[in-house]
Amino acid sequence: MVQATPFLLMLSLALVAPGFSARKQCVLSGRWVNDLGSNMTIGAVNGKGEFTGSYHTAVTATRNEIQLSPLQGSQHRTNNKGQPTFGFTVNWSFSDSVTVFTGQCFVDENGKEVLKTMWLLRSRVDNINDDWKATRVGINIFTRLPSSQKE
Ligand code: BTN
């Protein structure tokens, strides 16, 4: 009887609350690659929804040598609803620029996690008269890299 209790508990949960069972979550932590071939690693998301990570861009608007750059971001507190929104900033190590990304973490129809993002890349200009041309905008789509895959 004692051993049957956990089994009966699980069975009743599965029957009474099918909404609780096995819906795949979209989790930001891990390694991702985007449609440009850029790679990023996002660390653990803390209790306040904050995270840090690193970004290796495949492309640059500069002539500088690309280097791994830090990122800082936050995930919305309503992650309990699944498919959370988030934003992060990349402070480029090898240029004077900053990029902000905002997006949502989805589980697609094949059960694959995908990050749909938009970004603004702000480049530094010497003169205020060049401000008009200092911001680029775009989209990036990220998919999860297998954990064994190297950058
Ligand atoms: C720079 O060129 O000053 C820094 C690198 C910017 C790379 C941009 S950020 C938006 C887009 N998505 C990427 O993965 N790389 C480019």
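Everything here concerns the structure above.
What counts and what doesn't
- As a convention, each chain's residues are numbered from 1 in the sequence order in which they are written.
- The model is predicted, so local features are restricted to residues of pLDDT at least 70 and side-chain atom pairs to those at 80 or more, both for listing and for counting; the totals for chains, interfaces and linings are taken over all residues.
- To get the side-chain values, take all heavy atoms of the structure and skip hydrogens and water.
- Note on definitions: salt bridges are taken to be side-chain nitrogens of Lys or Arg within 4 Å of carboxyl oxygens of Asp or Glu.
- Buried means the residue's accessible area, taken with a 1.4 Å probe over protein chains only, is under 20% of the maximum for its type, while exposed means over 50%, and partly exposed covers the values in between.
- Two rings from Phe, Tyr or Trp (for Trp, the six-membered ring) form a pair when their centres sit within 6.5 Å of each other. Planes less than 30 degrees apart are called stacked, planes more than 60 degrees apart edge-to-face, and all others tilted.
- For helices the rule is a DSSP run of H or I covering at least 4 residues; for strands it is a run of E covering at least 2, with both sets numbered from the N terminus onward.
- Our working definition of a disulfide is a cysteine sulfur pair at a distance within 2.5 Å.
- Using a grid of 1 Å spacing that covers the protein atoms alone, one calls a set of points a cavity when a 1.4 Å probe fits there but cannot get out, and a pocket when the set is open and has protein on both sides within 12 Å along at least five of seven lines; lining residues are those with an atom within 4 Å of a point.
- Grid points are joined across faces, edges and corners, and a volume is the space filled by probe spheres set on the points.
- All amino acids are sorted into three groups, where Ala, Val, Leu, Ile, Met, Phe, Trp, Tyr, Cys and Pro are nonpolar, Asp, Glu, Lys and Arg are charged, and the leftover types, Gly among them, are polar.

**A closer look at the pattern of salt bridges**
At step 1: Going through the model one piece at a time under the given rule, you end up with four salt bridges.
At step 2: Close ionic contact of aspartate 131 with arginine 122 constitutes a salt bridge, the shortest N to O distance being 2.8 Å.
At step 3: One salt bridge in this structure joins aspartate 126 and arginine 124, with 2.9 Å as the shortest N-O distance. Taken as a pair, aspartate 126 and arginine 124 share a single burial class, namely exposed.

**A look at the packing of aromatic side chains**
At step 1: Inspection of the entire model under this criterion finds seven aromatic pairs.
At step 2: A ring pair is formed by tyrosine 55 and tryptophan 92, whose centres lie 5.4 Å apart and whose planes are at 85°; its orientation type is edge-to-face. Of the two residues, tyrosine 55 sits in strand β3 (residues 50–56) while tryptophan 92 sits in the loop between β5 (85–91) and β6 (98–107), which places them 37 residues apart along the sequence.
At step 3: Ring centres of phenylalanine 101 and phenylalanine 142 lie 6.1 Å apart, and the angle between their planes is 65°; this geometry places the pair in the edge-to-face category.

**Comments concerning the state of the cysteines**
At step 1: A complete count under the given rule lists one disulfide for this structure.
At step 2: A disulfide bridge connects cysteine 26 with cysteine 105, and the sulfur atoms are separated by 1.9 Å. Its torsion about the S-S bond being -85°, the disulfide of cysteine 26 and cysteine 105 is classed as left-handed. With cysteine 26 in the loop between α1 (4–16) and β1 (30–34) and cysteine 105 in strand β6, the pair connects residues that are 79 residues apart, well separated along the chain.
At step 3: On the basis of relative accessibility, which here comes to 4%, the residue cysteine 26 falls in the buried class.

**Some remarks on unusual backbone geometry**
At step 1: The backbone phi angle of glutamine 83 is positive, close to 50°, even though this residue is not glycine.
At step 2: By relative accessible area, which is 28% here, glutamine 83 ends up partly exposed.

**Side note on the layout of surface pockets**
A probe as big as a water molecule, rolled over the atoms, marks out the empty space that is left.
At step 1: A volume near 300 Å³ is recorded for the largest pocket.
At step 2: Thr57, Val59, Trp92, Thr99 and Leu121 are the residues nearest the centre of the largest pocket, which is lined by 20 residues in total.
At step 3: Considering only residue class, the lining of the largest pocket consists of nine nonpolar, ten polar and one charged.

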